[in-house]
Amino acid sequence: MMNTSNGMISAPSSSSSPAANPQSPGIKTYFKTPEGKYKLHYEKTHSSGLLHYAHGKTVTQVTLAQLKERAAPSTPTGTSSGYSASSGFRSATARLLGTGNGSRALSFVGGNGGGKSVSTSSRISGSFAPSNSSTSMTNTNFDGKGTYLVFNVSDAIFICDLNSQDKDPVKSIHFSNSNPMCHAFDPDAKDGHDLLIGLNSGDVYTVSLRQQLQDVSKKLVGALHYNKDGSVNNSRCTSISWVPGGDGAFVVAHADGNLYVYEKNKDGATESTFPAIRDPTQFSVDKAKYSKSNPVARWHICQGSINSIAFSNDGAHLATVGRDGYLRIFDFLTQKLVCGGKSYYGALLCCSWSMDGKYILTGGEDDLVQVWSMDDRKVVAWGEGHNSWVSGVAFDSYWSSPNSDGSGEHVMYRFGSVGQDTQLLLWDLEMDEIVVPLRRAPGGSPTYSTGSSAHWDNVIPMGTLQPAPCKRDVPKLSPIIAHRVHTEPLSGLMFTQESVVTACREGHIKIWTRPSESETQSNCSEANPTSALLSTSFTKDNKASLSSKIIGGSTFKQ
């Protein structure tokens, strides 16, 4: 089903610009949106000669990591205070998730320049893994700061400089016994250990990204090792995240439907034991039997794999999507299910929060993007446009509506999705413009109400997992653009202040720069305001209409 050829997606050489290199047939170096052109700026990839394929292929996930100028210790001190539920994650502000994060399940964290990152975590402890730092050489070219892309391919982790023209990674780290599956970065880590890595074997490492860049070897240095050799859970890690503001807490999701809460700064390396799961079909939370154990808690989420996890920006809520097709949203502090619901078909693969925590995106095997409302605890819109599974979704927190008056009264959201159809889709969502169907009266005709989705029935009770709603009862969105960006199936995307980053599952990454400010202003002044409004599939006279952004009578679908 997947073409594993790498030749068609070769990145430009470090000494030339992407536009000067021949591209694969049918793939353009730009795509148009109402605000202007997004142009291919850089490509990042790996050298196939560096890979050892004995362990098989894995799906590439990407993490954005911004190292601050201030120096950070490369090894933990062991004196950091433990995670406080009362003051920890709720104090986190201005963090983004991807992605991803996450991921693919993909986890994308961070932002370019002044961007923030979204991470999730909980509790773990461990011992130092063997380190070769005493005998390794130091990279004298590394200046201790910068913005990097961290991505996994097969048995290796690669690190690229986001702002460099070089397509090749500046660092590769190889794992001898297992494949890295997921990773996350915390720019505010107090002890220098800011990068999480989860493996196919279930093992988890925390390391200092700065220390890895300073070392010239191809092995982890100064790593803390958790769930060693799968001693607590030997199923593969599927998604991993720092808890926002959790002071070293992080969570790890596994392919067997369990999620574990760890504390990085907890003393000791005592292995955890948990009671048997009483009912595999029900959500349950169990604490470790001993107070010094790490992980400190096990959440049994579902039967089958958890495919992706994502924390809300303030860390108050945790979203999970899984093989069983359900989105589940939990209150992380109380460990209670808030709401959730099922896909139209198959597994859900990815999820992402809006910056304000009001909406959640999901995508999966039904080829659809769903928009969930936290206020209403239900699906309020669904997007159709992909021709295959949706593997990555993310809100663009750096984008603002060209027609915004700055009052904040009319909020429009821009979000993106990527799929195994090799396409990037961009969508606009303006809830005040959506005409929402009300439930049909028995034997009667449906009625419609404009405005917010709060007009749509009553709020779903807390803790309810809902079946998939009838598509006729939910407003439909269509993308403002659809652009083929890679030759291979895509595994994720993220937005930075200056660009959109897309990644395919084979480990090739493209950075698309945003339209210039002058171009955006020019396009906005030329556009007819009435034709730029978001339309939906529901109107007052019950006629379906195309829910695309239209400028000058034509859509920007390519």
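Look up a bit, the structure's there.
We now turn to the structure provided with this report. (Residues numbered from 1 in each chain as written. Predicted model: local features only at pLDDT ≥ 70, side-chain atom pairs only at ≥ 80, totals over all residues. Heavy atoms only, no water.)

### Describing the overall build of the chain
Formally: Secondary structure elements follow DSSP: runs of H or I no shorter than four residues count as helices, runs of E no shorter than two count as strands, and numbering proceeds from the N terminus. Note on areas: Shrake-Rupley, 1.4 Å probe, and residue coverage restricted to the protein chains presented here.
A count of helical and extended segments in the chain gives two helices and 38 strands. For the chain, the exposed surface amounts to about 21600 Å²; the carbon and sulfur share of it is 49%.

### Let's talk about the sheet that holds strand S1 (residues 30-33)
Keep this limit in mind: In this description, strands pair whenever DSSP reports at least two bridges between them. In this description, a line fitted to the C-alpha atoms serves as the axis of each element, helices being fitted only across the stretch in contact, and the angle between N-to-C directions of two axes falls anywhere from 0 to 180 degrees.
One open sheet holds the five strands; their spatial order is S1-S2-S37-S36-S35, and the pairing between them is antiparallel. The outermost strands of the open sheet, each flanked by one partner alone, are S1 and strand S35 (490-495). Ignoring strand direction, the axes of neighbouring strands in this sheet form an average angle of 25°. Two strands pair when backbone bridges link them, and S35 and strand S36 (residues 499-504) are joined in this way by five bridges, in the antiparallel orientation. Within the sheet, the bridge partner assigned to Leu490 lies in S36 and is Cys504.

### Digging into unusual backbone geometry
The step from Asn294 to Pro295 runs through a cis peptide bond, and the omega angle for that step is 10°. Here the phi dihedral of Asn227 falls at roughly 50°; this positive angle occurs in a residue that is not glycine. Within the secondary structure, Asn227 sits in the loop between strand S13 (224-226) and strand S14 (237-242). The residue Asp229 is not glycine, and still its phi comes out positive at about 55°. By the secondary structure assignment, Asp229 is in the loop between S13 and S14.

### Re the environment of Ala156
Among the structural elements, Ala156 can be located in strand S8 (residues 156-161). The sequence separation of Ala156 and Lys218 amounts to 62 residues, and the corresponding C-alpha distance is 9.2 Å.

### What to know about the environment of Gln303
Stated precisely, the cut-off is as follows: In what follows, residue pairs with any heavy atoms lying within 4.5 Å of each other are defined as contacts.
Along the chain, Gln303 turns up in the loop between strand S18 (297-300) and strand S19 (306-311). For the pair Gln303 and Asn258, spaced 45 residues apart in sequence, the C-alpha separation works out to 8.5 Å. Gln303 has contacts with Pro280, Thr281 and Asp324, leaving out every residue within four places of it along the chain.

### Examining the side chain of His254
What counts, and what does not: Note on classification: 1.4 Å probe, protein chains only; a residue is buried when its accessible area is under 20% of the maximum for its type, exposed when over 50%, partly exposed between these limits.
Within the element layout of this structure, His254 appears in strand S15 (residues 249-254). The class for His254 is buried, based on a relative accessible area of 0%. In contact with His254, not counting residues within four places along its chain, are Gly202, Asn227, Asn233, Ser235, Arg236, Cys237, Thr238, Tyr260, Ser305 and Ile306.

### Let's talk about the sheet that holds strand S32 (residues 464-466)
What holds strands together in a sheet is hydrogen bonding between their backbones, with the strands either parallel or antiparallel. Read from one edge to the other, the open sheet built from five strands follows the order S19-S20-S21-S22-S32, with strand pairing classed as mixed. The strands lining the two open edges of the sheet, one partner per strand, are S19 and S32. Along the sheet, successive strands turn relative to each other by an average axial angle of 15°, direction set aside. Inspection of the sheet shows strand S20 (residues 317-322) paired to strand S21 (residues 326-331) by five bridges, in the antiparallel sense.

### A word on the pairing of strand S24 (residues 359-364)
Counting buried positions along S24 yields six of six residues, so the element is predominantly enclosed. Burial of S24 is two-sided: the residues Tyr359, Leu361 and Gly363 facing one way and the residues Ile360, Thr362 and Gly364 facing the other way are all buried. In the sheet, strand S23 (residues 348-353) pairs with S24 via five bridges, with the strands oriented antiparallel. Pairing of Trp353 across the sheet is with Ile360, part of S24. Taken together, S23 and the strand that follows it, S24, pair antiparallel across an intervening segment of five residues, in which Gly357 is found at a positive phi of about 75°.

### Examining the pattern of salt bridges
Condition: Put simply, a salt bridge is a Lys or Arg side-chain nitrogen that is within 4 Å of an Asp or Glu carboxyl oxygen.
Evaluated as defined, the whole model comprises 13 salt bridges. In this structure, the salt-bridge partner of Arg328 is Asp324, at a minimum N-O distance of 2.8 Å. Residues joined by salt bridges that share partners form a network here, namely Glu35, Arg414 and Asp428.

Purely geometric numbers; function is a separate question.
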